[in-house]
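# Inside the fold
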Amino acid sequence: MGKYVFRRILMAAVTLLVIIFVLFLLLEFMPGTPFNDERLTADQKAHLQALYGLDRPMPIRFLNYIKNMLSGDFGISYSIAQNAEIRQLLKTRLPISLQIGGQAVLLGTALGLLLGISAAPLKRTPFEALSTLLSVIGVSLPSYVFALILSYYIGYKLGWFPVLYQAEKAFSSTVLPSISLSMMTMATITRFTKTEMLSVLNSEYMLFVQTKGLSGFSVIVRHALRNTLTPIITALAPLIVGLMTGSLMVEQIFSVPGLGSLLVAAIQANDYNVVITIMFIYSVLYIGIMLAVDLLYCVIDPRIRLSDGERYE
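Residues numbered from 1 in each chain as written. Predicted model: local features only at pLDDT ≥ 70, side-chain atom pairs only at ≥ 80, totals over all residues. Heavy atoms only, no water.

As a further point, take the overall build of the chain. Across its full length, the chain holds 13 helices and 2 strands. Looking at the chain residue by residue over its 313 residues, the buried ones come to 42%. Considering only contacts in the chain between residues 6 or more positions apart, those separated by 24 or more positions represent 71%. Here the chain has roughly 17,000 Å² of accessible surface; of this, 66% comes from carbon and sulfur atoms. (Helix = DSSP H or I, 4+ residues; strand = E, 2+ residues; numbered from the N terminus. Buried < 20%, exposed > 50% of the residue type's maximum accessible area, 1.4 Å probe, protein only. Contact = heavy atoms within 4.5 Å. Areas by Shrake-Rupley, 256 points an atom, 1.4 Å probe, with all protein chains shown as cover.)

If you walk through the whole model with that rule in mind, you get 6 aromatic pairs. Ring geometry for F24 against F62: centres 5.6 Å apart, planes inclined by 85°, an arrangement best described as edge-to-face. On the criterion of sequence distance, the pair formed by F24 in helix α1 (residues 2-28) and F62 in helix α3 (residues 58-70) is long-range, its members being 38 residues apart. There is no split in this pair, since F24 and F62 are both buried. Between F24 and Y65, the ring centres sit 5.6 Å apart and the planes meet at 65°, which makes this aromatic pair edge-to-face. Taken as a pair, F24 in helix α1 and Y65 in helix α3 lie far apart in primary sequence, 41 residues in all. The same class applies to F24 and to Y65, which are both buried. (Phe/Tyr/Trp six-rings, centres within 6.5 Å; stacked < 30°, edge-to-face > 60°.)

On the surface, F6, L10, V14, V18, F21, V22, L25, L26 and F29 cluster together to form a nonpolar patch covering roughly 870 Å² of accessible area. Position of V18 among the secondary structure elements: in helix α1. (Patch = residues over 30% accessible without salt bridge, like charges linked within 9 Å, V, L, I, M, F, W, Y side chains within 5 Å. Salt bridge = Lys/Arg side-chain N within 4 Å of Asp/Glu carboxyl O.)

Secondary-structure assignment places N273 in helix α13 (residues 272-300). One polar contact links N273 to Y78, side chain to side chain, over a distance of 3.2 Å. Contact partners of N273, with chain neighbours within four places excluded, come to Y65, F74, G75, I76, Y78 and I86. (Polar contact = N/O pair within 3.5 Å; in protein donor to acceptor, adjacent residues only side chain to side chain.)

Following the sequence through the fold, G288 ends up in helix α13. Relative accessible area serves as the criterion here: at 35%, G288 is assigned to the partly exposed category. Distance in space between the C-alpha atoms of G288 and R8 is 9.8 Å, their sequence separation being 280 residues.

Quick look at the packing of helix α4 (residues 86-119) against helix α5 (residues 126-140) now. What describes two packed helices is the angle between their axes and the distance between those same axes. Direction vectors running N to C along α4 and α5 enclose 145°, while the axes themselves pass 9 Å from each other. When the axes of α4 and α5 are compared, the crossing they make is left-handed. Side by side, α4 and α5 meet where L115, S118 and A119 of the first sit next to F127, E128, S131 and L134 of the second. Taken together, the residues that form the contact of α4 with α5 break down as 4 nonpolar, 2 polar and 1 charged. (Axes fitted to C-alpha atoms, helices over the stretch in contact; angles between N-to-C directions. Left-handed = near helix turned anticlockwise from the far one by under 90°. Nonpolar A, V, L, I, M, F, W, Y, C, P; charged D, E, K, R; others polar.)

Here you go:
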């Protein structure tokens, strides 16, 4: 087990280095520079390039960035917030995106499991049809459509929650964005849970459990649910990353000062350090969550074991 975890962490570190290097290459070929102000002369632009070290060869800048990053220094912003440390930019924005995404994950997962578990034993009933309808709607409609509907009817008409993000009402301002983002997760988890639950309930294993006189909702939770969690977690893992890092359109609709809006502004302004740092955060979250999912497989399903401490059988 220890060898497997070490190998995965080592692979994750190498993957992150490759991702950062590719980002450097892509930004190298992007048109323009962080200093695209038409009022600047060619000499002034060249001076700024030299001042920030952007005139150095890309491999040198890459190595310097890695060296600084290992010490916790992600550099400064060139144009969005000139000379401001990126850590300060992330200090206010990252917690907001993580909060909204975390709430969306919890809400979507809880509702999805509840609907999926309840609908599986109730085949060909109105409740099963309702869960299917909700799943189709959740998958078909983008999150920003739900955001527009909720902002108009719940925020504007009823006035229950702020339509736009307000720092003095931090929690209530995240409710509508979280609900909007949770719909896709809810629909996906409902569909996977119901499908897997139907498969398990019709298996010989569950028939054997029923012949022993066991029945009811507790049997579904104790025996059937555990056998459905592995594919559900596999489907949930990529969704978590997208939700935890926020949705650009949802952030724009509710004027949420999160990572999504910062990333778009950085790309438009060619603010290299900001773009690379945010993409690095996305990559760390994705790789970390996928590693956690791999380790959870052993906990959820005892039949999954590590062979020689390196790979799953």
